[in-house]
Amino acid sequence: MLQQQGQPPAQPQAPAPPQHQQHHPQAQQPPAPQQAHPQQAWAGAGGYVSPIPVRPTHLGHALASEWTKIRSLRSTIWTLGVMVLLTVGIGLLASVAAGSEREMDPLLGVGFVGVLLGSLCVITLGVLSISSEYGTGMIRTTLTACPSRVRVLTAKAVVFFTLALVLTTVATTLVALLDTAMLNGPAPTTDQWLRATLGAGLYVALLGLLALAVGALLRHSAGAISSMMGLVLLPMLLALFLQGESVKDIQRTLIEYSVPSALATLYDIPFLPTGPTGWTPLWILAGVTAVVLGGAYAAVAQRDV
């Protein structure tokens, strides 16, 4: 179309703005709170978050701790080393002194003296494994790391008893093999073999466990060691001085139930023909140890460090 002269050109019509679409944004839900990790539970207050993972502790951790402590002490190595040396060395010397010409019956009886002397080392170590921590104050650190006192005492008892049992049984077995090879006499029966090796090892380990329980009760190294040495040696010494018809029964009872006579019974060489026989001395000591260890648990759970 021709534009009329003098009229301005028609302005192009602006397109209509699009109809505004009304948005209704959904209400934003606040993010769900994440469950805090145990080690971050107090981090919201601006505290330090440890990078060390937090795990619930159990008896296995206490066992590992006690094993680390007992094997890293020089006193453990020296005491157990002397025990093995006494048991094997004296047993070997006794076999050499007896010779192969004389007949020995029972054949394994010559190993008794070495085991008796070696048991004194195990008793000493049993006391020191717990009383030394009370003496140095290390028990406070132990109970801070593991507040369960029953768990601590259980770990100490299990680690010490296992270590003493293994080493003593190995030493007594070695002595029994040497006696069989070097001495002349009737071949030992299976029961005699077990009592002279495993039975002797169990008896010595139980003596050490009894010493540990006494150490937990007294919490004093010198007092606990003296008490255990008196338990081992005093009955025999008293029996030597009890001479007279009126005290014959007491003398016989002291000898029959003394530790040296009980250990000799396991080797079939009891000091007196009467009294416990076979495995009975081992069960008697196990009962006494259980009672004293129960008292140690009660004392440790109730007393302060």
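Residues numbered from 1 in each chain as written. Predicted model: local features only at pLDDT ≥ 70, side-chain atom pairs only at ≥ 80, totals over all residues. Heavy atoms only, no water.

*Asks:* Any details on the pattern of salt bridges? Residues and values, ideally.
*Replies:* Taken as a whole and assessed by the stated rule, the structure comprises eight salt bridges. Between K156 and E66 there is a salt bridge whose closest N-O contact spans 3.0 Å. Placement of the pair is K156 in helix 5 (residues 149-182) and E66 in helix 1 (residues 59-72), with a sequence separation of 90 residues. With a relative accessible area of 7%, E66 lands in the buried category. Each of E66, K69, E133 and K156 takes part in a single network of salt bridges with overlapping partners. (Salt bridge = Lys/Arg side-chain N within 4 Å of Asp/Glu carboxyl O. Helix = DSSP H or I, 4+ residues; strand = E, 2+ residues; numbered from the N terminus. Buried < 20%, exposed > 50% of the residue type's maximum accessible area, 1.4 Å probe, protein only.)

*Asks:* Outline empty space enclosed by the protein, listing residues and values.
*Replies:* Across all of its chains, the model carries four cavities of 30 Å³ or more by this definition. What lines the largest cavity is a set of 14 residues, and nearest its centre among them are Y134, I139, L143, R149 and V300. Those elements that provide at least two residues to the lining of the largest cavity are helix 3 (112-136), helix 4 (138-145), helix 5 and helix 10 (280-302). With four residues, helix 5 is the largest single contributor of residues to the lining of the largest cavity. In the lining of the largest cavity, the residues fall into nine nonpolar, no polar and five charged. Lining of the second largest cavity is provided by P106, L107, L108, G109, P188, Q192, R195, A196, L266, Y267 and D268. Among the elements that take part in the lining of the second largest cavity, helix 6 (residues 190-218) stands out by supplying three residues, more than any other. Taken together, the residues of the lining of the second largest cavity break down into seven nonpolar, two polar and two charged. (1 Å grid on protein atoms, 1.4 Å probe; cavity = no way out; pocket = protein on both sides within 12 Å on 5 of 7 lines; lining within 4 Å. Points joined across faces, edges and corners; volume = space filled by probe spheres on them. Nonpolar A, V, L, I, M, F, W, Y, C, P; charged D, E, K, R; others polar.)

*Asks:* An account of the side chain of T172 is requested, with residue identities and associated values reported.
*Replies:* With respect to the helices and strands, the residue T172 is situated in helix 5. Given a relative accessible area of 2%, T172 falls into the buried group. Only 3.0 Å separates the side chain of T172 from the backbone oxygen of T169, close enough to count as a polar contact. With near-sequence residues (within four places) excluded, T172 lies in contact with T87, V115, A196, T197, A200 and Y267. (Polar contact = N/O pair within 3.5 Å; in protein donor to acceptor, adjacent residues only side chain to side chain. Contact = heavy atoms within 4.5 Å.)

*Asks:* Please give an account of the packing of helix 3 against helix 6 that cites residues and values.
*Replies:* Running from amino to carboxyl end, helix 3 crosses helix 6 at an angle of 35°, the nearest separation of the two axes being 7 Å. Judged by the sense of rotation from one axis to the other, the crossing of helix 3 with helix 6 is right-handed. Counted together, V115, S119, V122, I123, G126, V127, S129, I130 and S131 of helix 3 and A200, V204, L207, G208, A211, L212, G215 and A216 of helix 6 form the full contact between these two elements. When grouped by side-chain class, the residues that make up the contact of helix 3 with helix 6 number eleven nonpolar, six polar and no charged. (Axes fitted to C-alpha atoms, helices over the stretch in contact; angles between N-to-C directions. Left-handed = near helix turned anticlockwise from the far one by under 90°.)

Any link to function would need more than the numbers given here.
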